[in-house]
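Descriptive analysis of the structure
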Amino acid sequence: MNNSYSKIEITNFRGFDHLVVDDLARINVFTGANNVGKTSILEVLFMLSGMSNPLMPTRVNYWRMLSTATVDSARYLFHNLNFAELPVLKAVMKEGIRKLTFVPVMTNDVTDITSSGSSSRSTIKQLDLSFDVTEGETYTHHTTLYTDAGGNVQQTVDNSYREDMNCLFISADKNDNNAASNFALLVKRNKKQEVIDALHNFEPAIDAVEALPDGLFLKMEGVQELLPIGMAGDGIRRMINILSTIANEDYHTVLIDEVDNGLHYSAHRCMWKTILDFAKKRNVQIFVTTHNLDCLQGLKNVMQNNDNLQELVHVYNIAKTKHKGFQAYKYAYRELKEAIDNEIEIRR
């Protein structure tokens, strides 16, 4: 996997002043307390995978359910909203590095109305992004995101750079559109049966999945008509999305936020077995988040009888410590098994 990540370093981004995550594996699981920054790590990886796209800052904020994708929404990417401390996102790849930073251009023409009257605050009217694939402090490539005179978001791109990474972010919310488009590609490539067989392990009543012009439909045992995917449970919809993405083999990197979202704890083992088996066969690196200890238990149970699967996975507990700041504590299989079997708290 030449396009795989081996180390990431985050500086002044969202809640992180600084974090290093090293020795990344084929499958990487980020756990930890709520609001510790697990999703932010996925956002960093997504931005680095498409760092030449100046719309990346607005896209990751869109997933945070910000009402409008404005240039000024990039303010929430800056640590503590401190625009003097620039974010620096860096990754060591199997071959080379990736690095990205962005500089805001401010204006003071926005007035907030408060209970005590009016007050002006600076807004971001332009975001200058710089990126490169070489070591050092300088950046060769530059793009811009800005607001034009009519209030519309515009961009400039760097035509001298060609991106060779392809990444998909599967958010914690249901996204049936992604599932439909990815499954439709599998149908065209005559590769849908592997996903259907895997889904049958989750729900034996599923006989088939069909990609029709108006979305995905399920053929269920004992039901005369095809059912729209919206009629299925959240867990089935989640797994169709995940498995259709991995099976396509179009992505170097797949990011899954709250991988167990919508799944009953009894389905965690089956979920992990399916994901690990798929990842083992394909040239894809997977990053997921979870705060569910039952989910980690299911992962351990799947790996414990398969040495090959044990080598695929690293679990990282993300924690903010009193003296060392943010730390990523790595658990390979043996450490994870010891912690779970001895009821040692993984979330430090």
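Throughout, a residue's number is its position along its own chain's written sequence, starting from 1. Local features in a predicted model are, by the rule used here, given only for residues with pLDDT of at least 70; side-chain atom pairs are given and counted only at 80 or more, and totals for whole chains, interfaces and linings are based on all residues. The basis for the side-chain values is all heavy atoms of the structure; hydrogens and waters are excluded.

1. Quick look at the overall build of the chain
The test is simple: Only DSSP runs of H or I covering at least 4 residues are called helices, and only runs of E covering at least 2 are called strands; the numbering of each starts at the N terminus. In this treatment the radius of gyration is a C-alpha quantity, and the globule benchmark scales as 2.2 Å times the residue count to the 0.38 power. Relative accessibility decides the category of a residue: with a 1.4 Å probe and only protein chains considered, values under 20% of the type maximum give buried, values over 50% give exposed, and everything between is partly exposed. Note on contacts: a residue pair is in contact if any heavy atoms of the two residues lie within 4.5 Å. The Shrake-Rupley method, run with a 1.4 Å probe, gives the accessible areas here. Residue values count only the displayed protein chains as cover. Neither His nor the chain ends is counted toward charge; the positive residues are Lys and Arg and the negative residues Asp and Glu. Where a charge lies is defined by one atom per residue type: Lys uses NZ, Arg uses CZ, Asp uses CG and Glu uses CD.
Along the backbone of the chain there are nine helices and 16 strands. In terms of overall size, the chain behaves like a compact globule, its C-alpha atoms giving a radius of gyration of 22 Å where 348 residues would be expected to give roughly 20 Å. When the backbone C-alpha atoms are referred to their principal axes, the chain occupies close to 65 × 50 × 50 Å. The buried share of the chain, taken over its 348 residues, is 48%. A separation of at least 24 residues holds for 62% of the contacts in the chain among residues at least 6 apart in sequence. In the structure as shown, the chain presents an accessible area of about 16,700 Å², 45% of it carried by carbon and sulfur atoms. Across the chain, the centroid of the 36 positively charged side chains sits 2 Å from that of the 43 negatively charged ones.

2. As for the sheet that holds strand β3 (residues 27-31)
Convention followed: Whether two strands pair comes down to DSSP finding at least two bridges between them. Note on geometry: axes are C-alpha line fits, over the in-contact stretch for helices, and angles between N-to-C directions span 0 to 180 degrees.
One open sheet accounts for six strands, arranged β9-β13-β14-β3-β15-β16; its pairing is mixed. Bordering the open sheet on either side are β9 (167-170) and β16 (325-331), each of which pairs with just one other strand. Neighbour-to-neighbour, the strand axes of the sheet open up by a mean angle of 15°, direction not taken into account. Pairing of β9 with strand β13 (residues 253-256), which is carried by four bridges, proceeds in the parallel orientation. Residue C167 lies in a different strand from β13, and its bridge partner there is T253.

By themselves, these are just geometric observations and shouldn't be taken as functional.
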